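Working through the structure, step by step
Chain by chain, the residues:
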Amino acid sequence: MVDTQKLIITAAVTGAEVTKKQQPNLPITPDEIAEEAYRCYLSGASIVHVHARDPEGKPTQSLEIYREIKEKIEAKCNIIVQPSTGGAVWHTVEERIQPLYLNPEMATLSTGTCNFGKDIFANPEEYIERFALEMKKRGIKPEIEVFERGMIENALRLVKKGILEPPLHFDFVMGVPGAIPGNIQDLVYLVNCIPPGSTWSVAGIGRYELPLAVHAIAMGGHVRVGFEDNIYYRKGELAKSNAQLVERIVRIAKELGREIATPDEAREILGIRR
Ligand code: KMH
Ligand code: ZN
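- In the nomenclature of an unreviewed UniProt entry, the chain is known as 3-keto-5-aminohexanoate cleavage enzyme of Kosmotoga olearia.
- Quoted verbatim from the Cofactor (unreviewed entry) field of UniProt, the annotation for the chain is "Zn(2+)".

Laid out in structure tokens, this is it:
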């Protein structure tokens, strides 16, 4: 592929919804998460999207647990650590904002509300602006999580207000039951809706992960994989690790002539200053 950015692979290694019962290799403790992030880095991931869990395995937005995870990952490698401000659907705004106080290089920013399976993932304007302003103040690069098309417009409104600064980086989370489906035509539509000069990645949920990733590679976008989004390697076969999912993307990208970005190259592409 000529003149295409190197491929940024994000590993979403834990998430807030998956349990060890569903995926026995799910990393839960800070040590497990750091080790998994390191394995994904060795496999070709340049960003790790992090959700913390408490000692019982329950999702938590505890600043101290995020701190431990971040320090343990940073002791092993220079992968970009991207904590979640989405948390779990039942976390309060005060809980969700906690990891921003660690000044990570990047963090997620969901710019709208949607159904999320049987639940509601609530992101009223007030929350979005609170998170975005905190990120702006601290120089944290937001990854705008788009679960529905209107969330792009909400992000653009924040640009008009001076709260978000272009170039924007979007992650299209597709195939969540109750939100945008994981169809290729929907991906093309979303890509056509973002401003020129933006970067984007796609996170397909479950069986949508692989086909959307392959299309994103061919379209010049970036890719997110990992147990947060998909616990299977193929139908009926659980993945052995997050790294196994990253390795498959690396193989496909290489076949398609797309080089893989190192963390520092990802920083350059995303305009992150260390
Ligand atoms: N767990 C979802 C409700 C994010 O990390 O920013 C929200 C989520 C988005 O995972
Ligand atoms: Zn997440």
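The discussion continues.
Topic: the coordination of the zinc ion (ligand 2)
- Around the zinc ion (ligand 2), the protein supplies His49 (NE2), His51 (NE2) and Glu228 (OE) as donor atoms, at distances of 2.1 Å.
- Here the donor residues of the zinc ion (ligand 2) share one chain and are spaced in sequence as H-x1-H-x176-E. Of this pair, His51 sits in the loop between strand 2 (47–50) and strand 3 (52–53) while Glu228 is found in the loop between strand 12 (222–225) and strand 13 (232–234), placing the two residues 177 residues apart along the sequence.

Quick word on the packing of aromatic side chains
- Following the criterion strictly, the structure yields 6 aromatic pairs and no others.
- Summarising the aromatic geometry, the rings of Tyr38 and Tyr41 are spaced 6.1 Å apart at their centres and angled 20° between planes, so their arrangement reads as stacked. Of the two residues, Tyr38 and Tyr41 both sit in helix 1 (residues 30–43), 3 residues apart, roughly one turn of that helix.
- Its relative accessible area of 28% is what places Tyr41 among the partly exposed residues.
- When the ring of Phe121 is compared with that of Phe147, the centres are 5.5 Å apart and the planes differ by 70°; the resulting orientation is edge-to-face. Of this pair, Phe121 sits in strand 8 (residues 119–121) while Phe147 is found in the loop between strand 9 (141–146) and helix 5 (150–160), placing the two residues 26 residues apart along the sequence. Both residues of the pair, Phe121 and Phe147, count as buried.
- What links up through ring pairs into an aromatic cluster is the set Phe116, Phe121 and Phe147.
- The ring of Tyr233 carries Arg248 above its face, with NZ or CZ at 4.0 Å from the centroid.

Remarks on the site of ligand 1
- Close to ligand 1 lie Ala16, Glu17, His49, His51, Ser84, Gly86, Gly87, Val89, Thr108, Phe116, Phe121 and Glu228, which account for all nearby residues.
- Between an oxygen atom of ligand 1 and a side-chain N or O atom of His49, the distance comes to 3.1 Å.
- Burial of ligand 1 by the surrounding chains reaches 98%, relative to a free accessible area of 300 Å².
- The residue makeup of the shell around ligand 1, split by class, is 4 nonpolar, 6 polar and 2 charged.

Here we look at the pattern of salt bridges
- Applying the stated rule across the entire model yields 23 salt bridges.
- Of the charged contacts, one joins Glu165 and Lys136 as a salt bridge, the two residues approaching to 4.0 Å between their closest N and O atoms. Of this pair, Glu165 sits in the loop between helix 5 and strand 10 (169–174) while Lys136 sits in helix 4 (residues 125–138); the two residues are 29 residues apart in sequence, bridging distant segments of the chain.
- Given a relative accessible area of 55%, Glu165 falls into the exposed group.
- Its salt-bridge partner being Arg224, residue Glu145 comes within 3.7 Å of it at the nearest N-O pair. Note that Glu145 is positioned in strand 9 and Arg224 in strand 12, a separation of 79 residues in sequence.

Criteria and thresholds
- Residues numbered from 1 in each chain as written.
- Chains lettered and ligands numbered in written order.
- Predicted model: local features only at pLDDT ≥ 70, side-chain atom pairs only at ≥ 80, totals over all residues.
- Heavy atoms only, no water.
- UniProt positions renumbered as here; feature names shortened; annotations may be inferred.
- Donors = N, O, S within 2.8 Å, 3.2 Å for Na, K, Ca; no water.
- Helix = DSSP H or I, 4+ residues; strand = E, 2+ residues; numbered from the N terminus.
- Phe/Tyr/Trp six-rings, centres within 6.5 Å; stacked < 30°, edge-to-face > 60°.
- Buried < 20%, exposed > 50% of the residue type's maximum accessible area, 1.4 Å probe, protein only.
- Lys NZ or Arg CZ within 6 Å of the ring centre and 35° of its normal.
- Near = heavy atom within 4 Å.
- Polar contact = N/O pair within 3.5 Å; in protein donor to acceptor, adjacent residues only side chain to side chain.
- Areas by Shrake-Rupley, 256 points an atom, 1.4 Å probe, with all protein chains shown as cover.
- Nonpolar A, V, L, I, M, F, W, Y, C, P; charged D, E, K, R; others polar.
- Salt bridge = Lys/Arg side-chain N within 4 Å of Asp/Glu carboxyl O.

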